[in-house]
Amino acid sequence: MLTSLVQTLPRFGFKRSDSQGQTVANTTPGNIAVWILIYAELSEFALFFIVFLIAKAHHPDTFSAGPARLNTLAGMLNTIVLVTSSYFIAKAVAAIKLGHKKTCLKWLYLTLFAGATYCGIKGWEYTWNDATGIHSRTDLFYSFYYYLTFNHLLHVLIGMSTISWVILRTHFNTYSAHEHEGLESAAFYWHMIDLAWIIIFPLVYVLR
Amino acid sequence: MPKQKVIVTTWITLVGLTLISTSFAESTETSKTIAIFVCMVTIYKGWLVINNLMGLRFAVRRLRWMMLGYFLIVMPIILITIFFPDGVRQLTTL
């Protein structure tokens, strides 16, 4: 039943552009299953945000003091790294749409490198937290902070695995200017990770 | 503007907006004006990623608005809890 439902979705009115920028009707950019996954993931994050905000309303002092002790530099660097990685993956998709396999691979490797950099900065941030006495059980704010950021880190790792798979398939000439649905889907998933962080950063590090 | 130039301009804008948002993290307390500004900047950043980096600007409207709508719902919810914490507390007390 689910399969038949998914099969009907492309006819639901989704469209996409081909390499020449022409609109191709009755298809969705990437894979429809990925869009369902993306919205499921975003809903999960939204639920976390709502629980965070409810806890903030009940413990205003704890949540007001919490961000001041966080490593804002690490948060800012990770935001810059993630928006840069979104730029890299957008360039990779643009390159494959023009049939430039080598250029596409270059941008994909840079995306993977950006993901690894994000993980490195996150590791430094957690180590820094530990040295300054911030732990997941320090108070309610830090419990949420660790829950949100570690959950996001896991999504980055999943995204990196996906990008690695896409790199492998690009090496084997799976994608072309006309057929690149898998690569495009992986790119959309990576952008979703960036979008989630774009909200997490002000929510946890900036707003008090 | 050519597509490649749009991608580069979007990236530079996103980095600039991130630096602006971060400067508010250094203040001891978030005023309501800053909160509105930071939320507006976040919505704009989401809009930039969705339209220009994901390339949904010319995608079917339903799909694009599903993504943009996420930011247009989540960010106002954040503002509501900042502006009306007592109301949220009362609403969520069992």
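Before reading on, note that the structure itself is shown above.
Residues numbered from 1 in each chain as written. Chains lettered and ligands numbered in written order. Predicted model: local features only at pLDDT ≥ 70, side-chain atom pairs only at ≥ 80, totals over all residues. Heavy atoms only, no water.

### Considering the overall build of chain B
Next, step 1: Tallying secondary structure elements over chain B gives four helices and zero strands in all.
Next, step 2: Helices and strands in chain B line up, N terminus first, as α-α-α-α.
Next, step 3: For 94 residues, the compact-globule estimate of 2.2 N^0.38 gives 12 Å, and chain B exceeds it by more than 25% at 16 Å.
Next, step 4: Each principal axis of the C-alpha distribution contributes one length, and for chain B these read about 50 × 35 × 15 Å. (Helix = DSSP H or I, 4+ residues; strand = E, 2+ residues; numbered from the N terminus. Rg over C-alpha atoms; globule rule 2.2 N^0.38 Å.)

### Quick notes on the packing of aromatic side chains
Next, step 1: Tallied over the entire structure, the rule returns 26 aromatic pairs over all chains.
Next, step 2: Consider the rings of Tyr87(A) and Trp11(B), whose centres lie 5.1 Å apart with planes at 20 degrees: the pair is stacked. Within this pair, whereas Tyr87(A) is found in helix H4 (residues 72-97), its partner Trp11(B) is found in helix H1 (residues 3-25), the two belonging to separate chains.
Next, step 3: Ring centres of Tyr145(A) and Tyr146(A) lie 4.9 Å apart, and the angle between their planes is 75 degrees; on these two criteria the pair is classed as edge-to-face.
Next, step 4: Overall, the relative accessible area of 0% leaves Tyr145(A) in the buried class.
Next, step 5: For Tyr146(A), a relative accessible area of 16% corresponds to the buried category. (Phe/Tyr/Trp six-rings, centres within 6.5 Å; stacked < 30°, edge-to-face > 60°. Buried < 20%, exposed > 50% of the residue type's maximum accessible area, 1.4 Å probe, protein only.)

### Here's the deal with helix H5 (residues 101-131) of chain A
Next, step 1: Here H5(A) is 31 residues long and its end C-alpha atoms lie 45 Å apart, about the 45 Å a rise of 1.5 Å per residue gives.
Next, step 2: Backbone geometry just after H5(A) places Gly133(A) at a positive phi near 85 degrees. (Expected span 1.5 Å × (residues − 1).)

### Some points on the interface of chain A and chain B
Next, step 1: Residue-level contacts link 45 residues of chain A with 47 residues of chain B.
Next, step 2: With both sides pooled, the region where chain A packs onto chain B buries about 4200 Å², and carbon together with sulfur makes up 76% of that total.
Next, step 3: Summed over the three residues of chain A that lose the most area to chain B, namely Leu195(A), Leu207(A) and Arg208(A), the buried surface amounts to 14% of that side.
Next, step 4: Connecting chain A to chain B are zero salt bridges.
Next, step 5: Taken together, the connections running from chain A to chain B amount to eight residue pairs in polar contact (both at pLDDT 80 or more).
Next, step 6: Residue composition of the side of chain A that touches chain B, grouped by class: 30 nonpolar, nine polar and six charged. (Contact = heavy atoms within 4.5 Å. Buried area = accessible area lost by both parts, 1.4 Å probe. Salt bridge = Lys/Arg side-chain N within 4 Å of Asp/Glu carboxyl O. Polar contact = N/O pair within 3.5 Å; in protein donor to acceptor, adjacent residues only side chain to side chain. Nonpolar A, V, L, I, M, F, W, Y, C, P; charged D, E, K, R; others polar.)

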